[in-house]
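Residue-level structural notes
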Amino acid sequence: MVSEALGLAGWRLPSLALAGKGDTPNDGVLEPDEVWVERARRHPDAFAELVRRFQSRIYSLTYRMTGNREDARDLTQDAFIRAYDGLSTFRPNGRFSPWLYRIAVNLCLNHLRRRREETDLGEIEYSLRSGTLEEVVENREMEKTVARAILSMPTHYRSPLLLRHISGLSYEEMTQVLDMPLGTVKTRLHRARELLSARLRLEGVEGIG
Amino acid sequence: MIDCKNAGEKIHEYLDGSLDEAARRELLGHVEACVSCRARLDQWEQAVSALEGLRPIEPPATMLHQVMALVQERATNPKLVWRKLLYRVFVPASAALGLLLLLLPSSGLLHLFSSGADTTVPTSDVTSSVLGESGQALQGLANQGVDLFDTMLTSGAIAQVGVVLGACLILLAAGVLLWHLLDRERTRRMLRV
């Protein structure tokens with residue numbers, strides 16, 4: 001078995017384990033991402049584990065940044081490919097996740113700059129929640145409103161807001177991803193929350209949460 | 001003491017969960033008594049919970065397949081491997097070689113221009129006194145460079161090697177420059193990411 005020969009115990013070759021995988025590895029033993037970075041440097045197949053771990057998170061972020069499924073797919077793919085290309089420049093003591101988020105955020109910002117903020121507010125996708133039909137419809141409407149409010153924000157507010165509240169990054173990680181001092185990150189996030197709140201009120205959203 | 005002016009910052013810290021117990025109590029005390037700050041807290045809290053209530057959107061099921069297909073292609077495509085080698089090995093190696101070529105015969109070139117002079121680099125008292133042993137060692141290296149240069153000059157090899165390497169470096173620099181001009185984004189990607 002090739003994976004055994006490569007010392008990849010508990011990991012299967014991507015051709016055998018691709019479909020329908022979530023963000024967790026298949027055997028429950030979660031080795032640090034950086035271990036997989038080291039492996040991927042030597043064996044490209046090992047990069048699959050990093051894709052498996054981060055694809056949902058990066059896709060959610062790119063989707064919320066752009067509001068477009070096609071763009072989100074392309075940007076997510078591009079982020080992973082650039083990360084793979086840059087594995088040799090990845091610092092040994094660095095952490096993989098802020099580095100990957102940084103690539104993804106920069107790609108999104110470049111993409112939006114090129115697209116001149118023409119976010120397609122019409123094509124917003126909503127995940128279904130369980131519950132009665134009324135609840136589902138209500139939740140969909142709510143998500144639609146929130147997604148629209150996010151997309152209507154300037155990108156320099158949108159990115160810290162999403163990194164904090166969608167990706168769940170810490171302030172320290174956000175400073176690395178956004179390459180900004182802590183004070184600037186906090187100021188932008190706080191302003192972004194206020195802006196989102198104001199836009200939701202404009203949309204007539206009351207008593208959310 | 002919290003007033004409405006600085007309450008905004010404190011509310012954000014409260015939402016981040018970074019307020020200590022005393023500051024938290026102080027803020028909540030102010031908020032209880034102040035209608036406008038109460039409204040701010042409620043609205044911002046609601047906005048955050050609405051945002052965090054958005055469910056993650058799952059990527060297409062084919063995402064992993066597609067990314068890994070591209071990764072495999074990059075790992076095995078000789079063209080891409082060559083590009084990587086070009087940027088990460090060949091260019092730095094050429095730069096180092098070029099620098100060496102500049103440094104090594106420079107002492108010899110000085111000697112060439114002062115034809116008929118002493119073939120060794122003179123040891124000055126100042127050099128010896130200031131640099132001590134390391135200065136003398138450097139002096140020795142410079143003299144070796146002069147000797148090497150003399151030998152190569154006599155055989156005519158240095159001119160040939162110099163011309164060939166110079167041409168290679170110029171061609172390489174031109175190629176890299178052209179490639180960069182054709183697609184700057186790609187160059188940035190190769191060098192930075």
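The present account deals with the structure reproduced in this document. (Residues numbered from 1 in each chain as written. Chains lettered and ligands numbered in written order. Predicted model: local features only at pLDDT ≥ 70, side-chain atom pairs only at ≥ 80, totals over all residues. Heavy atoms only, no water.)

Attention shifts here to the side chain of Arg64 of chain A. Structurally, Arg64 of chain A is set in helix 3 (residues 47-66). With no salt bridge to any partner, buried Arg64 of chain A finds its closest opposite charge in Glu143 of chain A, at an N-O distance of 4.5 Å. Apart from the residues lying within four places of it in its own chain, the contact partners of Arg64 of chain A are Glu143, Ala147, Ile150, Leu151, Arg158, Leu162 and Ile166 of chain A together with Leu54, Arg55 and Ile57 of chain B. (Helix = DSSP H or I, 4+ residues; strand = E, 2+ residues; numbered from the N terminus. Buried < 20%, exposed > 50% of the residue type's maximum accessible area, 1.4 Å probe, protein only. Lys, Arg positive; Asp, Glu negative; His and termini not counted. Salt bridge = Lys/Arg side-chain N within 4 Å of Asp/Glu carboxyl O. Contact = heavy atoms within 4.5 Å.)

Next up on the list: unusual backbone geometry. Phi is positive for Asp179 of chain A, close to 55°, though the residue is something other than glycine. By secondary structure assignment, the location of Asp179 of chain A is in the loop between helix 8 (171-178) and helix 9 (182-202).

Our focus in this paragraph is helix 1 (residues 4-16) of chain B. With 13 residues, helix 1 of chain B should reach 18 Å at 1.5 Å per residue; the first-to-last C-alpha distance of 19 Å fits that figure. Within helix 1 of chain B the residues assigned to the buried category are Ala7, Gly8, Ile11, His12 and Asp16 of chain B. Each element contacted by the buried residues of helix 1 of chain B is listed here: helix 7 (155-165), helix 8 and helix 9 of chain A together with helix 2 (21-33) and helix 3 (35-52) of chain B. Where helix 1 of chain B begins, the capping side chain belongs to Asp3 of chain B, and its oxygen is found 3.0 Å from the backbone nitrogen of Lys5 of chain B. (Expected span 1.5 Å × (residues − 1). Polar contact = N/O pair within 3.5 Å; in protein donor to acceptor, adjacent residues only side chain to side chain.)

Turning our attention to the nonpolar core. The tendency in soluble globular proteins is for nonpolar side chains to be buried side by side. Counting 63 residues, the largest nonpolar core has Phe47, Ile58, Phe80, Phe96, Leu163 and Leu196 of chain A together with Val67 of chain B as its most contacted members. With 11 residues, the top contributor of residues to this core is helix 5 (residues 96-115) of chain A. Lining this core are residues from two domains, each supplying at least three of them: domain 1 (4-52) and domain 2 (63-192) of chain B. Leaving out residues up to four positions away in the same chain, Phe47 of chain A has contacts with Ala40, Phe80, Ala83, Tyr84 and Leu87 of chain A together with Val67, Met68 and Val71 of chain B. In this structure, Ile2, Ile11, Leu41 and Trp44 of chain B belong to the second largest nonpolar core, which totals 11 residues. (Core = buried A, V, L, I, M, F, W, Y, C linked by side-chain atoms within 4.5 Å. Domains from an automatic or database assignment.)

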